[in-house]
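# Breakdown of the fold
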Amino acid sequence: MSNKIFSGVQPTGNLHLGNYLGAIKNFVELNNDTNNNCIFCVVDLHAITIKQDPNKLKNNVRETVATFVASGIDPKKSIIFNQSSVAAHSEAAWILSCVARMGWLNRMTQFKEKAGKEKEKASIGLYSYPVLMAADILLYDTTHVPVGDDQKQHLELCRDIAQKFNNDFKVDNFLQVPEPLIQKEFSRIMSLKDGSKKMSKSELSDLSRINLTDDQDQIKNKIKKAKTDPMPMPKDIKDLDERLEVKNLLGIYSCLNNTNLQDSIEIFKGKNLSEFKEKLSDLLVAEIDPISKEIKKLLEDKSYLDKILLDGVEKANSIALKKIDRIKEIVGF
Ligand code: AMP
Ligand code: TRP
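Overview of the structure. Treat the numbers as computed from the prediction; the structure is a model and nothing was measured.

The environment of ligand 2 is formed by 13 residues, the closest being Gln10, Tyr129, Met133, Asp136 and Gln151. One of the side-chain N or O atoms of tyrosine 129 is found 2.6 Å from an oxygen atom in ligand 2. One of the side-chain N or O atoms of aspartate 136 is found 2.7 Å from a nitrogen atom in ligand 2. Computed on the free molecule, ligand 2 has an accessible area of 370 Å², of which 91% lies beneath the protein chains in the complex. For the shell around ligand 2, the secondary structure elements donating two or more residues are strand E1 (3-9) and helix H7 (124-138).

What follows deals with the packing of aromatic side chains. Overall, the coordinates contain eleven aromatic pairs when judged by the stated rule. A ring pair is formed by phenylalanine 6 and tyrosine 140, whose centres lie 5.3 Å apart and whose planes are at 20°; its orientation type is stacked. Here phenylalanine 6, found in strand E1, pairs with tyrosine 140, found in the loop between H7 and strand E4 (144-146); they are 134 residues apart in sequence, far enough to count as distant. Across the pair, exposure class does not vary: phenylalanine 6 and tyrosine 140 are buried alike. Plain terms: the ring middles of phenylalanine 81 and tyrosine 140 are 6.1 Å apart, the flat faces sit at 55° to each other, and that makes the pair tilted. With phenylalanine 81 in strand E3 (residues 79-82) and tyrosine 140 in the loop between H7 and E4, the pair connects residues that are 59 residues apart, well separated along the chain.

What follows concerns the site of ligand 1. Close to ligand 1 lie 17 residues; Gln10, Gly148, Asp150, Ile189 and Lys201 are nearest. Measuring from a nitrogen atom of ligand 1, one finds a backbone N or O atom of glycine 18 at 3.2 Å. Measuring from an oxygen atom of ligand 1, one finds a side-chain N or O atom of lysine 201 at 2.6 Å. Counted by class, the shell around ligand 1 contains five nonpolar, eight polar and four charged residues.

Structurally, lysine 323 is set in helix H13 (residues 302-331). Along the sequence, lysine 323 and valine 69 sit 254 residues apart, while their C-alpha atoms lie 28 Å from each other. Discounting residues that sit within four places of it in the chain, lysine 323 has contacts with Leu138, Leu139, Asp141, Phe174 and Leu175.

The next subject is the pairing of E3. Residues Ile79 and Phe81 line one face of E3 and the alternating positions Ile80 and Asn82 line the opposite face, and both faces are buried. Across four bridges, the pairing between strand E2 (residues 36-42) and E3 is parallel. For phenylalanine 40, the partnering residue across the bridge sits in E3 and is isoleucine 80.

Calculation notes
Residues numbered from 1 in each chain as written. Chains lettered and ligands numbered in written order. Predicted model: local features only at pLDDT ≥ 70, side-chain atom pairs only at ≥ 80, totals over all residues. Heavy atoms only, no water. Near = heavy atom within 4 Å. Polar contact = N/O pair within 3.5 Å; in protein donor to acceptor, adjacent residues only side chain to side chain. Areas by Shrake-Rupley, 256 points an atom, 1.4 Å probe, with all protein chains shown as cover. Helix = DSSP H or I, 4+ residues; strand = E, 2+ residues; numbered from the N terminus. Phe/Tyr/Trp six-rings, centres within 6.5 Å; stacked < 30°, edge-to-face > 60°. Buried < 20%, exposed > 50% of the residue type's maximum accessible area, 1.4 Å probe, protein only. Nonpolar A, V, L, I, M, F, W, Y, C, P; charged D, E, K, R; others polar. Contact = heavy atoms within 4.5 Å. Pairing = 2+ DSSP bridges.

Here is the structure:
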């Protein structure tokens, strides 16, 4: 039986190396395996849980599609579509929000981080965001969900919602309980300026991340300026416990070089950081620069990107409609 893969990326601009290594690179591998049916969703409904500029949203959706395609996802093999064009997502989210429990959502750490001290001013959408994410996944009988480490808790909630729905309505296995696909190592790429913070789209300093649209010079400059410490390269994994920034850069190197951390340490042990940074820059430029160029090229052909979405919406809609119809029947509508 084939695997059903579903994942989502928010069209909130500044897609970066963390998105790429934590998620998109894996999407490409999954897309290339003929055992998989893949769906990659640009989650614009999720994006508006935080204020977005309506004049920019559509183009941010296109940029996300361009990034998928430039990274190697083949729109002929995988379904690429935007969430707001398939009404079943919003409908299923409401029904599932009547299944999910407040106590479950209250535990979500991402809400706490994003809402910060202004919890009372956060949108209700930001709070119930993981329920919409569960709707996305469950509408397509998804078996596997590739994501970065920060989404682990949301996936556990999705599994709980699926199981409770199946139990409450006595429909064994109707909602497929999905498995997360999270890399064991380097599933959380950190900021280039602070090794204790996730690399993020919303961080003010552009020097904190490598954007997938950065050119060679920008990449080299950001690695040169990346925070490190004055010590030589470590000899042992243990030496990295207190050296978060160097650990992150070695992680990025290992990811790009398809090696493990220990092997990367062996290559550079005792050497100067500048020598390591140069090698890391070369690897990054080799991987990211072609993607960056391709994104820019694709963005010049908006009608091509819109066509990908249109095809994707049609395919996604036909799957989702069947599932939401059954869901409505089951709850008694
Ligand atoms: P988002 O941009 O929040 O929609 O995230 C899209 C995907 O990228 C999700 O699977 C995230 O888990 C993943 N992701 C985002 N930031 C990072 C990061 N710093 N390291 C690893 N994965 C990440
Ligand atoms: N919440 C995810 C993120 O911010 C994006 C997302 C929405 C998603 N729906 C999804 C990921 C469904 C996987 C499956 O990264």
